[in-house]
Structure formats: structure tokens, C-alpha cells
Amino acid sequence: MSIPANLKYTKDHEWVSIEGDVATVGITHFAQKELGDIVYVEVETLDQTLDKDEVFGTVEAVKTVSDLFLPLTGEIIAFNEDLESSPETVNSDPYGAGWMIKVKIANPSEIDTLLSDEAYKQLIGA
């Protein structure tokens, strides 16, 4: 199972890539595999500032709908609009073209609460 070492992770199976004060967020390979075929990604929080762990959207698979939790407090500054027409990209490329949002980080100290790749591997038993 692919778990890139250069990313941070959450207990909610999201990955976070940090560049300066912007975090890119998506769901992990493990999460997309558990969900199955993803048919819809909804993010209605664009341009809103949310707290860490607040719901920023949902991902809908054939079998279920799951909430997406913000890993870091901040303003949602971008949504991957390609997912509107091709939500299955989350399944085929979860760490690349399947990214979901970009967040302007409000509290950089929260980065320390994210999991390393090794800690995430332990969480999922990989």
C-alpha cells in the first residue's frame, strides 16, 4: 500500500502536503480503498475559515457517504474542480490529481499534531 513519506496524515485517513502556509488535503489510498468507487466529492466550504476537525465536505462512494474533516485550522482557498466531472480520480490517484482542497494555514503549531508516515502505517496496520 502506498504511503508517501513526504506527507503528513490524520486519524481520519486524510493526507496533508504543506508548502509554506498552504496545505493541500486529500484522502489516503487506504481511505479510498475502504470507500470503494467514489462517485461524488462535495465541498461547499470554499472561501470559509474552519477550525481543525470541522467537516469541510463529503465524499460519496457507491456504498456510503463519509464526512471530510479539516486537518488544520484555516481558510479553504481552493477546491479541485476536476473532481466534479471525474470523482474517480480520488481512487486512481489519491496522492496526486485526486487532491481535494487547499487550505491557508491559520495555526502552524497544529502541524505538529499530524501523523508521520510511520505513525499512519501503525494506525492502519500496514
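Predicted model only: the values in this text are computed from it and were never measured.

### Details of the nonpolar core
- Ranked by internal contacts, the top residues of the largest apolar core, which has 20 residues, are Ile27, Val41, Phe56, Met100 and Ile101.
- When contributions to this core are tallied by element, the ones reaching two or more residues are β3 (22-27), α1 (29-35), β4 (38-42), β6 (55-61), β8 (74-79) and β9 (101-105).
- Look past the residues within four positions of Ile101 in its chain and what remains in contact with it is Ala23, Thr24, Val25, Val43, Phe56, Leu70, Ile76, Ala78 and Phe79.
- Ranked by size, the runner-up nonpolar core spans eight residues in total, among them Leu7, Tyr9, Trp15 and Tyr120.

### Brief notes about the pairing of strand β7 (residues 65-69)
- Pairing analysis gives five bridges linking β6 to β7, with the strands arranged antiparallel. Directly across from Val59, in β7, lies its bridge partner Ser66.

### A word on the packing of aromatic side chains
- Throughout the structure, instances matching the rule amount to two aromatic pairs.
- Aromatic pair Tyr9 and Tyr120: ring centres 4.8 Å apart, planes at 15 degrees, arrangement stacked. Here Tyr9 is found in strand β1 (residues 8-9), whereas its partner Tyr120 is found in helix α4 (residues 117-124), with 111 residues between them in sequence.
- Take Tyr9: its relative accessible area is 0%, and that puts it in the buried class.
- Aromatic pair Trp15 and Tyr95: ring centres 6.1 Å apart, planes at 55 degrees, arrangement tilted. Of this pair, Trp15 sits in strand β2 (residues 14-19) while Tyr95 sits in the loop between α3 (89-92) and β9, and the two are 80 residues apart along the sequence.

### Some thoughts on the side chain of Thr58
- Within the element layout of this structure, Thr58 appears in strand β6.
- Thr58 gets classed as buried once you look at its relative accessible area, which sits at 18%.
- The residues touching Thr58, leaving out its near neighbours within four places in the chain, are Tyr40, Val41, Glu42, Val65, Ser66, Asp67 and Leu68.

### Topic: unusual backbone geometry
- The phi dihedral of Asp47 is positive, around 70 degrees, even though this residue is not glycine.
- Looking at the secondary structure, you find Asp47 in the loop between β4 and β5 (49-50).
- Given the relative accessible area of 56%, Asp47 is considered exposed.
- Phi is positive for Asp53, close to 75 degrees, though the residue is something other than glycine.
- Residue placement: Asp53 occurs in the loop between β5 and β6.

### Observations regarding the UniProt feature "domain: Lipoyl-binding" (unreviewed entry) in the protein
- In the numbering adopted here, UniProt assigns the feature "domain: Lipoyl-binding" (unreviewed entry) to residues 22-104.
- Span residues 22-104 is 18% helix and 42% strand, its end C-alpha atoms 5 Å apart.

Definitions and cut-offs
- Residues numbered from 1 in each chain as written.
- Predicted model: local features only at pLDDT ≥ 70, side-chain atom pairs only at ≥ 80, totals over all residues.
- Heavy atoms only, no water.
- Core = buried A, V, L, I, M, F, W, Y, C linked by side-chain atoms within 4.5 Å.
- Buried < 20%, exposed > 50% of the residue type's maximum accessible area, 1.4 Å probe, protein only.
- Helix = DSSP H or I, 4+ residues; strand = E, 2+ residues; numbered from the N terminus.
- Contact = heavy atoms within 4.5 Å.
- Pairing = 2+ DSSP bridges.
- Phe/Tyr/Trp six-rings, centres within 6.5 Å; stacked < 30°, edge-to-face > 60°.
- UniProt positions renumbered as here; feature names shortened; annotations may be inferred.

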